[in-house]
Amino acid sequence: MKIIARIYTDLPEKFGVPRQSGLVDELTGKIVFEPEYRAPEALEGIEEFSHLWLLWQFSESIREEFSPTVRPPRLGGERRKGVFATRSPFRPNPIGLSCVKLIKTEKTVNDGTVLWVSGTDMISGTPIYDIKPYITYTDSRPDAVQGFAQEFTDYSLEVEFSESLLSRLPQDKRAGIGGILKQDPRPAYQHDSERIYGVKYAGFDVRFKVDGTHLTVTDVIDEKQA
């Protein structure tokens, strides 16, 4: 398997990354191809598609040993399911699959043509193995059965983010962090209402705590000034 590109996002760590692509449309990423794959003709026609499939490497979750079962985080980290019945990153081959929206292509001097996409669920620097167009008539299955994932379709938290704290973030980054927090970045087995968590995002450390289904942002720290 050859790494053809890397994606650069506002999330430098696993904590806070949405558990699936498309959950937070405001999260964007820039795909930069490796030098040997920067031939412009390799992207000819890609702008005719609105969405793309990305096949990528779970670069932070590589393990040598194989476990046939895993504990999906949405199930509280206590109920085991077969690894091939989940999208867990801990797999025999650490391959991820994401559907993202193509915002635009951009020709640059140093990196060749790059792709800007949204709805990402990858940390910055994630290696990409392949890119394929999303095709509605074959890839969309509205009548598909979702198994145990169905119970989390509408899961979200109520987020309290004071204007004074929100104003510390650049205007174009506010919607993204709001979407991340609504999806509840915590491990599902942690329920301490007084515990302070922190999401690294766009050069900021966003601190919060959760009580039931209510999340309160407690601080926003600019890491450049910390």
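Located above this text is the structure these notes cover.
Now for a description of the structure that goes with this document. The structure displayed is predicted, hence computed values, not measured ones.

### Here we look at the pattern of salt bridges
On inspection of all chains with the given rule, the structure shows 10 salt bridges. For D205, the salt bridge goes to R207, with nearest N and O atoms at 2.7 Å. A salt bridge links D222 to K224, with the nearest nitrogen and oxygen atoms 3.3 Å apart. A cluster of three or more residues bridged by salt bridges with shared partners is formed by K200, D205, R207 and E223.

### A few points about the nonpolar core
One finds F161, I177, L181, V217 and V220 to be the most contacted residues of the largest nonpolar core, which totals 23 residues. Elements that contribute at least two residues to this core include exactly α2 (163–166), α3 (174–182), β10 (197–201), β11 (204–211) and β12 (214–222). When residues of this core are assigned to their parent elements, the largest contribution, four residues, is made by β11. Setting aside anything within four residues of it in sequence, one finds I177 in contact with F161, L169, V199, Y201 and V206. In terms of nonpolar packing, the next biggest core, distinct from the first, is built from 18 residues, F33, L54, W56 and I128 among them.

### Re the sheet that holds strand β9 (residues 158–160)
Read across the sheet, four strands follow the order β9-β12-β11-β10 without closing on themselves; strand pairing throughout is mixed. The open sheet terminates on both sides in strands that have one partner only, identified here as β9 and β10. Geometrically, the sheet is characterised by an average inter-axis angle of 30 degrees between neighbouring strands, direction not taken into account. In the sheet, β10 pairs with β11 via five bridges, with the strands oriented antiparallel. Among the inter-strand pairings, G198 is bridged to a residue of β11, identified as R207. On top of the sheet, α3 reaches β9, β10, β11 and β12; it is set at about 140 degrees to β10, its chief contact.

The rules behind these values
Residues numbered from 1 in each chain as written. Predicted model: local features only at pLDDT ≥ 70, side-chain atom pairs only at ≥ 80, totals over all residues. Heavy atoms only, no water. Salt bridge = Lys/Arg side-chain N within 4 Å of Asp/Glu carboxyl O. Core = buried A, V, L, I, M, F, W, Y, C linked by side-chain atoms within 4.5 Å. Buried < 20%, exposed > 50% of the residue type's maximum accessible area, 1.4 Å probe, protein only. Helix = DSSP H or I, 4+ residues; strand = E, 2+ residues; numbered from the N terminus. Contact = heavy atoms within 4.5 Å. Pairing = 2+ DSSP bridges. Axes fitted to C-alpha atoms, helices over the stretch in contact; angles between N-to-C directions.

The quantities given are spatial measurements derived from coordinates; they are silent on function.
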